[in-house]
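Structural description and commentary
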Protein chains: 2
Amino acid sequence: MSAGSAVRLPTAAPGYEEGAAWVDGACVPSGEAKVSIVDTGFSRSDVTYDVVAVWGGAFFRLDDHLERFERSCAGLRMTLAHSREELAGILAELVRVAGLREAYVEVICTRGVSRGGVRDPRTFENRFFAYAVPYVWLLPVAEADTGMDAVVTRTVRRIPSESVDPTIKNFHWGDLTRGLYEAYDRGARYPILLDADGRVTEGAGYNVFALVDGRLLTPATGTLEGITRRVVLELAEQEGIPAAPADLPEAELRRGTELFATSTAGGVMPITSLDGEPVGDGRVGPLTRRLRERYWAAHEDPRHTTPVDYAGA
Amino acid sequence: MSAGSAVRLPTAAPGYEEGAAWVDGACVPSGEAKVSIVDTGFSRSDVTYDVVAVWGGAFFRLDDHLERFERSCAGLRMTLAHSREELAGILAELVRVAGLREAYVEVICTRGVSRGGVRDPRTFENRFFAYAVPYVWLLPVAEADTGMDAVVTRTVRRIPSESVDPTIKNFHWGDLTRGLYEAYDRGARYPILLDADGRVTEGAGYNVFALVDGRLLTPATGTLEGITRRVVLELAEQEGIPAAPADLPEAELRRGTELFATSTAGGVMPITSLDGEPVGDGRVGPLTRRLRERYWAAHEDPRHTTPVDYAGA
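Since we're looking at a predicted model, the values are computed, not measured. (Residues numbered from 1 in each chain as written. Chains lettered and ligands numbered in written order. Predicted model: local features only at pLDDT ≥ 70, side-chain atom pairs only at ≥ 80, totals over all residues. Heavy atoms only, no water.)

**Side note on the sheet that holds strand 1 (residues 20–23) of chain A**
Residues and elements named next belong to chain A. If you trace the seven strands from one edge of the open sheet to the other, you get 2-1-7-6-4-5-17, paired in antiparallel fashion. Looking along the sheet, the strands with just one partner apiece sit at the ends: strand 2 (26–29) and strand 17 (305–307). Put simply, the sheet's adjacent strands are angled 25° from each other on average, direction ignored. Taken together, the eight bridges between strand 4 (residues 47–55) and strand 6 (residues 103–110) define a ladder with antiparallel strand orientation. (Pairing = 2+ DSSP bridges. Helix = DSSP H or I, 4+ residues; strand = E, 2+ residues; numbered from the N terminus. Axes fitted to C-alpha atoms, helices over the stretch in contact; angles between N-to-C directions.)

This is how it looks when you write it as structure tokens:
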């Protein structure tokens, strides 16, 4: 694991210092990427998205992310204007134009704009956006071994699946933002939200894992089925650690001898304090450390990487 | 009640045929009004808004709407860059430039854009947008006496207040959009969502009222405290009809001899069928009709109207 390179490759185009975006079928500097305020992707948050990382010049698990994105669009009954191959081509172009060896790459599909005052969303033309910017760390690199200071929120519950399906990646972050504010108010930064039954769901952009009695648990329901979460479950199995999605009541979380969060934006991130108390001895636990190392090592596995063709199409 | 005038006043500026918007402190044609795709108002739906109508050349209940908007911003801990007087001035300018005698006027405040990768939303500069477009009818004018075909949704529940506060007007419409799709799938157009306890909450942009045993009921919790809802409660009281926010279980809704919806985008809108069955005799009921007439008559009451100065500032 390293911080990744912030240096731009010589393929970077002038004007694309902050990143590159795909809007209306063309590549533009990311700062110019905008959506109409009457696109219901904004005005009703009728939108889905996905995020894939580029690390060491290659996409990691690109097919997994694009497959989930296609599934999210289908789940919302949206139609993507691009095939998977076209999507992969667009994303590679954005990364190349932005000159990034390590990148945070987001794809977005909005419902679109009502035409002629017609309210029926089935009649809207769905719209595709994408952008590539320097890799994002939810936990700053300098704090990788300090870890996350997490709180279990008391003032807000996760939006239930009966209202918004969390397996369709979405921008309904009102509850997560409330959680973020609660965390800050309590002197921490990383909220963990429960469902109405007091079970752990997820945090503001990350899945949660707990090592309890030698078993690695992560919430089975009420949460995004993260790709990093999936990778960690695979790696744990390879390590011989029993690991599975399960019900994770708050009390079990508190019994965890190691806790960590997972996200494409940061990988495996140790949670070293919970509600102001140290987790275990307050340091990064051995399993967390091993999984983090294996997670980054997996980025060199050609079975799961898609090199960016920086020479251009 | 009339359809309102679609004719533009001579004050309309060229290029503003579709409406006028306020973006980055300047007036632009509404079609050009866009928000950055990295503004968390889009990417986390961290945003609030309000809608006020202009009817017969005057804002209706402008102070009520702006007061609620200010309260919504405060509830999300956002800071508005404009005083109430400045907001009123901006909105009047948009209506004048768009040349509208009847208008749908929306104000929006987004959390804004992260600067330098800082995730703490408290550090973002909140952003204000507004636009004025021709008045919007949730129920087409031609169907005012046909009424709404509503369904009580079976596949989705309203997002609970413990997750997202519905009294802070928000774009978390994922559940409402699911409800819209269910309604269309069932051959109707207007969903009514229940909460987890089976109580009526609201629809996709409207409050719901039921006349039950001579009492006019509207959900007390789990719903936006609509301004039109408030006006209707006042008018009913003036009519000598007992009316109050209350628990409204689904079974009570079904006992309603008259049902209607309320919204700034359409006023008082009769619901004449529910799950394919006629409400009462399937025609607009006498109380609904009377309240609708009084609602539109109230738009001529100088106590609640703010004339637009079309001559300009």
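**Some points on the pairing of strand 11 (residues 207–212) of chain B**
Residues and elements named next belong to chain B. Strand 11 sits mainly inside the fold: six of its six residues count as buried. By the alternation rule, side chains of strand 11 split into Asn 207, Phe 209 and Leu 211 and Val 208, Ala 210 and Val 212, which are all buried. One ladder, built from five bridges, connects strand 11 with strand 14 (residues 258–263); its direction is antiparallel. The residue of strand 14 that forms the bridge with Phe 209 is Phe 260. The pairing of strand 11 with strand 12 (residues 215–219) spans three bridges and is antiparallel. Looking across to strand 12, one finds that Leu 211 is bridged to Leu 216. Hairpin connection from strand 11 to strand 12: two residues lie between these consecutive antiparallel strands, with Asp 213 at a positive phi of about 50°. (Buried < 20%, exposed > 50% of the residue type's maximum accessible area, 1.4 Å probe, protein only.)

**A word on the domain arrangement of chain A**
Residues and elements named next belong to chain A. Parsing chain A into structural domains produces domain 1 (20–136) and domain 2 (141–299). Put simply, the middle of domain 1 and the middle of domain 2, counted by C-alpha atoms, are 26 Å apart. Facing the 23 residues of domain 1 at the interface are 22 residues of domain 2. Summed over both sides, the interface of domain 1 with domain 2 buries roughly 2000 Å², with 63% coming from carbon and sulfur. (Domains from an automatic or database assignment. Contact = heavy atoms within 4.5 Å. Buried area = accessible area lost by both parts, 1.4 Å probe.)

**Here we look at the packing of aromatic side chains**
Under the criterion given, the structure shown has 28 aromatic pairs over all chains. An angle of 90° between the planes, with centres 5.9 Å apart, marks the rings of Trp 55 of chain B and Trp 137 of chain B as edge-to-face. Here the residue Trp 55 of chain B occupies a position in strand 4 (residues 47–55), and Trp 137 of chain B occupies one in the loop between strand 7 (127–134) and strand 8 (148–152), the gap between them amounting to 82 residues. Aromatic rings pair up to connect Trp 55, Phe 60, Tyr 135, Trp 137, Tyr 295 and Trp 296 of chain A into one cluster. (Phe/Tyr/Trp six-rings, centres within 6.5 Å; stacked < 30°, edge-to-face > 60°.)

**Some details on the relation of the copies chain A and chain B**
You can overlay chain A on chain B at an RMSD of 0.0 Å; the transform is a turn of 180° with a shift of 0.0 Å along its axis. Interpreted geometrically, this transformation is the action of a two-fold axis. The share of interface residues of chain A whose copies in chain B are also at the interface is 100%, consistent with both copies meeting through the same surface. (Least-squares fit on C-alpha atoms with pLDDT ≥ 70 in both.)

**Regarding the environment of Tyr 184 of chain A**
Mapped onto the elements of the fold, Tyr 184 of chain A is located in helix 4 (residues 174–185). In this structure, the C-alpha to C-alpha distance between Tyr 184 of chain A and Ile 159 of chain A, residues 25 residues apart in sequence, is 20 Å. Contact partners of Tyr 184 of chain A, with chain neighbours within four places excluded, come to Arg 189 of chain A together with Arg 119, Asp 120, Pro 121 and Arg 122 of chain B.

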